[in-house]
Amino acid sequence: MNWDKDKLIDVKCDNCNLSIVDHVYRRPDDLDIVKCRDCGLHFLNPRPRPDFIFKLYSEDYFRGSNGNPTGYLGYDAASHAVLRRIEARRRLLIARTLGVSRLGSTLEVGCSTGDLAAITTPLASDFTGIDISEHAIRIARQRAPASRFFCGQIDEVGPAAAGPFDTILSFEVIEHVLSPQAFIKSLAERLKSDGYLVLSTPNADCGIRLGFDNWLGARTSFEHLFFFRLEDLDRLAQNAGLSRVAAATGCGSGRFENSTSKHSVARRLALALGMRRWIWTLREWRLSKKQPPQLFDYEDNLEHHNIFALYRKTQICNERNTTGLGLAIRTEP
Ligand SMILES: [Zn+2]
């Protein structure tokens, strides 16, 4: 993917509004990941203008047919719905293990094709899903007809998704938004005083440990604008009146494998012949035979590819002193 300069804009650190940064890594799409010299937040700068960013999330994003290394091949296919539900169950189980004791009224921001809604609706008193993709929302309404779905960014949806909610879930979304600070504040405003916010995102600490050129989070998913360490999420949450009660990392080592084997040659040939979806389905089937999907592989360290963090309103955390949860990561030295 090549970006013309007139499609890019310079941005400041979303956390401290400063523009003094250190260069960290030039991605294969020729865009740079930088690190704020003051707070250490990693972000893309310059980055595509908002109108180009929003164009990324078309129907093609869910079919991998936009010719760019963004999106998910076959994500919306009915044959992949089983895999999406396995992932959704896993996320729900992690949320419970971190301490979400009940779902109650639930909002999922970035609900995609509604697969989590489909399994959660019977467990929640009501379920509301929001996604920026009209295509995904159309599928979500079919897969989870008892839930309510809205298309747009969280602040565009209006009173129908104003809450307050007992539980707000947002998996792999915060790295896509234009302002994570504004995003978390919007989520916090919609949370009941004793509610739960569960976030997940790729773990920049994993990238720092491996080196960004070896990290999946920098070598794939070029639509990502931000790269968070747990302490970055905590700082954004604190500014929004939230405190972390637990966190864990998981989802593998995050190491990017640069394959040059004969298999990759065969794969490239097959891709050139237009057999992408067939290859993807076969790959997932082989993986599921060899390695049944694990529902829970998260641990209380910062090493793995993905962070999962649970936040509550700071007032509740102070009242209940919830620091003793088994999976709470200690950030102090
Ligand atoms: Zn900063």
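Residues numbered from 1 in each chain as written. Predicted model: local features only at pLDDT ≥ 70, side-chain atom pairs only at ≥ 80, totals over all residues.

Draft legend 1. Quick peek at the overall build of the protein. For the protein, the count of helices and strands is 11 helices and 13 strands. The long-range share in the protein, meaning contacts at least 24 apart out of those at least 6 apart in sequence, stands at 73%. (Helix = DSSP H or I, 4+ residues; strand = E, 2+ residues; numbered from the N terminus. Contact = placed C-beta atoms within 7 Å.)

Draft legend 2. Geometry of the environment of Thr-220. Counting through the fold element by element, Thr-220 comes out in the loop between helix H7 (216–219) and strand S11 (226–227). In this structure Thr-220 comes out as partly exposed when scored by C-beta crowding, with 15 C-beta atoms within 10 Å. (Buried ≥ 20, exposed ≤ 12 C-beta atoms within 10 Å, placed from the backbone.)

Draft legend 3. Layout of the sheet that holds strand S7 (residues 126–131). Across the sheet, which stays open at both edges, the seven strands sit in the order S8-S7-S6-S9-S10-S13-S12 with mixed pairing between neighbours. Here the strands that pair on one side only, and so sit at the sheet edges, are strand S8 (148–151) and strand S12 (242–250). Shown here is a sheet whose adjacent strand axes are inclined to one another by a mean of 15°, direction ignored. Across five bridges, strand S6 (residues 105–109) lies against S7 in parallel orientation. Considered in S7, the bridge of Val-109 is made with Ile-130. Each of strand S9 (165–171), strand S10 (191–202), S12 and strand S13 (306–313) touches helix H2 (residues 81–98); the most contacted strand, S13, lies at about 50° to it. Lying on the sheet, helix H5 (residues 180–189) is in contact with S6, S9, S10 and S12; it crosses S10 at an angle near 145°. (Pairing = 2+ DSSP bridges. Axes fitted to C-alpha atoms, helices over the stretch in contact; angles between N-to-C directions.)

Draft legend 4. Highlighting the confidence of the model for the protein. The predicted model of the protein averages 83 in pLDDT, with 76% of residues at 70 or higher. Looking across the protein, the model is least confident in helix H10 (residues 276–290), with a mean pLDDT of 54, and most confident in S11, with 98. Ignoring residues within four places in sequence, the model shows residues 291–295, a span with pLDDT below 50, making five contacts including any to other chains. In the predicted structure, residues 322–326 sits below a pLDDT of 50 and forms six contacts with residues beyond four places in sequence or in another chain. (pLDDT = per-residue confidence, 0-100.)

Draft legend 5. The arrangement of the sheet that holds strand S2 (residues 21–26) in detail. Sheet architecture is open: four strands sit in the order S2-S3-S4-S11, paired in antiparallel fashion. In this open sheet, the two edge strands, each paired with only one partner strand, are S2 and S11. Relative to S11, strand S4 (residues 42–44) is paired through two bridges, and the arrangement is antiparallel. Looking across to S11, one finds that His-42 is bridged to Phe-227.

Draft legend 6. Examining H2 more closely. Here H2 is 18 residues long and its end C-alpha atoms lie 26 Å apart, about the 26 Å a rise of 1.5 Å per residue gives. Residues Arg-84, Ala-88, Arg-91, Ile-94, Ala-95 and Leu-98 constitute the buried set of H2. On an axial view of H2, the arc spanned by its buried residues comes to 125°, and they lie on one face. Structurally, H2 contributes buried residues whose contacts are with helix H3 (115–120), S9, S10, S12 and S13. Positive backbone phi, approximately 135°, marks Gly-99, located one or two places after H2. (Expected span 1.5 Å × (residues − 1). Arc of directions from axis to C-beta.)

Draft legend 7. A look at the nonpolar core. Residues Leu-197, Ala-309 and Leu-310 are the most contacted members of the largest nonpolar core, which totals 72 residues. When residues no more than four places from it in sequence are discounted, the contact partners of Leu-197 are Ile-168, Leu-187, Leu-191, Leu-242 and Tyr-311. (Core = buried A, V, L, I, M, F, W, Y, C linked by C-beta atoms within 7 Å.)

Draft legend 8. Summary view of unusual backbone geometry. The step from Asn-45 to Pro-46 runs through a cis peptide bond, and the omega angle for that step is -5°. Here Pro-46 is to be found in the loop between S4 and strand S5 (47–48). For the peptide bond that leads from Gly-163 to Pro-164, omega is 5°, which places it in the cis range. Relative to the helices and strands, Pro-164 resides in the loop between S8 and S9. Located in the positive-phi region is Glu-172, a residue other than glycine, with phi close to 55°. The topology assignment puts Glu-172 in the loop between S9 and H5.

Draft legend 9. Structural view of the environment of Pro-145. Checked against the element boundaries, Pro-145 lands in the loop between helix H4 (134–143) and S8. Given 12 C-beta atoms within 10 Å, Pro-145 falls into the exposed group. Here the alpha-carbon distance between Pro-145 and Thr-121, two residues 24 residues apart in the chain, equals 9.4 Å.

Draft legend 10. Structural view of the pairing of S12. Where burial is concerned, most of S12 is hidden: eight out of the nine residues are buried. By the bridge criterion, eight bridges tie S12 to S13 in an arrangement that is antiparallel. Bridged to Arg-244 within S13 is Tyr-311.

Draft legend 11. Inspection of helix H8 (residues 230–239) at higher detail. Among all positions of H8, only Leu-230, Asp-232, Leu-233, Leu-236 and Ala-237 are buried. Projected down its long axis, H8 shows its buried positions confined to an angular sector of 160°, all on one face. Those residues of H8 hidden inside the fold are in contact with H5, S10, helix H6 (204–210), S12 and S13. One or two steps after H8, the chain reaches Gly-241, where phi turns positive at roughly 80°.

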